[in-house]
Amino acid sequence: MDVSSRKLRYFVAVAEDLHFSRAAGRLFVTQQALSKQIRELEDDIGVRLLRRTTRSVELTPAGEVLLAAARRSLAELDAGVEAALAANRGESGTVKLGFVIGAALELTSPILAEFGRRHPRIRLDMREYGFADPSAGLADGSSEVAFVRLPISAPDIESEPLFVEPLVAALPSGHRWAGRSSIPVAEMTGEPLVVGRTEDASWRRLWTLDAHRDGEAARVVTLTSSHTEEMELVAAGRACAVTVAGAARYTPHRGVRYIPIDGVSGSTLAVAWRRGHLAPPVERFLEVTREVRARETAVVGAIEQPFPATHNQPL
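Below: a short report on this structure. Just so it is clear, the structure is predicted and the values come from calculations on it, not from any experiment.

**Thoughts on the packing of aromatic side chains**
Here comes step 1: Enumeration according to the criterion identifies 4 aromatic pairs in this entry.
Here comes step 2: Relative to F285, the ring of F147 lies with its centre 6.1 Å away and its plane at 55 degrees, an arrangement referred to as tilted. Here F285 lies in helix α10 (residues 280-295) and F147 lies in strand β5 (residues 145-150), a separation of 138 residues in the sequence.
Here comes step 3: Ring geometry for W203 against W207: centres 5.9 Å apart, planes inclined by 55 degrees, an arrangement best described as tilted. Remark: W207 and W203 occur in helix α7 (residues 201-207); sequence separation between them is 4 residues, near one turn of the helix. Neither residue differs from the other here; W203 and W207 are each classed as buried.

Structure, rendered in structure tokens:
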């Protein structure tokens, strides 16, 4: 049986008002047209829905049952239509957000809060990725957008920098340099290192300071799968590591000292996405990320310049 939603809406209006003239005015149709639609609906179903007299309109038992069902059906239909329109506008759906350790640091919370406030119909599916995948899921398509540390070698990825964070040396607390306020990069290149285990050569070269080695290979003691593993090896005195200044705030360790490295470029944290795969919800996420980045200048400044000019850092 094919019953049109228009006839159901007309029936609900009459059933609620129990008055054809008032219902017709609410629907912006003539009373004659409304009566015709109700008669056709009754003929379609094969039962009487309303008892009509010259003075009153009443629901039949069949009409009462249909009224409840029609209200539910029309509400679901309206919700479905609105959801479809929202999806088309990029205002509903799911965004697969990948991130490396720390995500976007202190920018993360304001970005996620603003996105949730502005786009409550879009669900964020968040996943952290270890050193093995610096693209945070973009390379294999398990993420649609990600917070990553540049550079990365994965092809067909576009990105926008959010901030550049200073690099620091993670040293065992008993290291001969543990009391320094900073370390020249030329000295740091001579230290044995623990480095993330990954096949991404571009990403790995940053953390081994290759740009400052004049072609000499880094002394890599061991490879690690996570930042936590890396810091445990440093604390155990196995080697040193090159990491970011935010590690001192997010992963403090009694056995590790974080000392700024002088003469080296910082680590660029970027929001990245797969080229040619910008679904509308992902575009909404990028819009919010850009706006929050532009708004939160104090937060970005604190991330990019966490140390006094003299590099005096609490140990």
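**A word on the pattern of salt bridges**
Here comes step 1: Tallied over the entire structure, the rule returns 24 salt bridges.
Here comes step 2: Across the salt bridge formed by E287 and R284, the nearest N and O atoms sit 3.0 Å from each other. Taken together, the residues span about one helical turn, with E287 and R284 both in helix α10 at a distance of 3 residues.
Here comes step 3: On the basis of relative accessibility, which here comes to 14%, the residue R284 falls in the buried class.
Here comes step 4: Residues joined by salt bridges that share partners form a network here, namely E114, R117, R118, E291, R295 and E296.

**Here's the deal with the environment of A170**
Here comes step 1: Its location among the elements puts A170 in strand β7 (residues 167-172).
Here comes step 2: In the structure, A170 is positioned 87 residues away from R257 in sequence and 5.7 Å away in space, judged by C-alpha atoms.
Here comes step 3: If near-sequence neighbours (up to four positions away) are discounted, A170 is found in contact with M231, V234, C240, A241, T243, V256, R257 and Y258.

**A few points about the pairing of strand β4 (residues 122-128)**
Here comes step 1: Of the pairings in the sheet, the one linking strand β3 (residues 93-99) to β4 comprises 7 bridges and is parallel in character. Across the sheet, the residue bridging to G93 is I122, located in β4.
Here comes step 2: In this fold, the crossover linking β3 to β4 by way of helix α5 (residues 108-118) has right-handed handedness.

**Concerning the nonpolar core**
Here comes step 1: One finds L167, L171, M188 and V242 to be the most contacted residues of the largest nonpolar core, which totals 30 residues.
Here comes step 2: If you list the elements that add at least two residues to this core, you get β5, β7, α6 (185-188), β9 (193-196), α7, β11 (241-244) and β12 (256-262).
Here comes step 3: Among all residues touching L167, those that are not within four sequence positions of it are L206, W207, L209, V242, T243, V244, P260, I261, V264, S265, G266 and S267.

**Topic: the sheet that holds strand β6 (residues 157-165)**
Here comes step 1: Across the sheet, 5 strands lie side by side as β4-β3-β5-β13-β6; this open sheet has mixed pairing. Two strands lie at the open edges of the sheet, namely β4 and β6, each paired on one side alone. Recorded for the sheet is a direction-independent mean angle of 25 degrees between the axes of neighbouring strands.
Here comes step 2: Two strands pair when backbone bridges link them, and β5 and strand β13 (residues 267-274) are joined in this way by 6 bridges, in the antiparallel orientation. From the neighbouring strand, R149 faces β13, where its bridge partner is L269.
Here comes step 3: Of the strands in this sheet, β3, β4 and β5 are in contact with α5, which crosses β4 at around 155 degrees.

**Focus: the sheet that holds β7**
Here comes step 1: With mixed pairing, 4 strands are arranged side by side in an open sheet as β8-β12-β7-β11. Each having just a single partner strand, β8 (183-184) and β11 make up the two edges of the open sheet.
Here comes step 2: Pairing analysis gives 2 bridges linking β8 to β12, with the strands arranged parallel. Across the sheet, residue P184 finds its bridge partner in β12, namely D262.

Cut-offs and rules
Residues numbered from 1 in each chain as written. Predicted model: local features only at pLDDT ≥ 70, side-chain atom pairs only at ≥ 80, totals over all residues. Heavy atoms only, no water. Phe/Tyr/Trp six-rings, centres within 6.5 Å; stacked < 30°, edge-to-face > 60°. Helix = DSSP H or I, 4+ residues; strand = E, 2+ residues; numbered from the N terminus. Buried < 20%, exposed > 50% of the residue type's maximum accessible area, 1.4 Å probe, protein only. Salt bridge = Lys/Arg side-chain N within 4 Å of Asp/Glu carboxyl O. Contact = heavy atoms within 4.5 Å. Pairing = 2+ DSSP bridges. Right-handed = clockwise from strand over helix to strand, strands pointing away. Core = buried A, V, L, I, M, F, W, Y, C linked by side-chain atoms within 4.5 Å. Axes fitted to C-alpha atoms, helices over the stretch in contact; angles between N-to-C directions.

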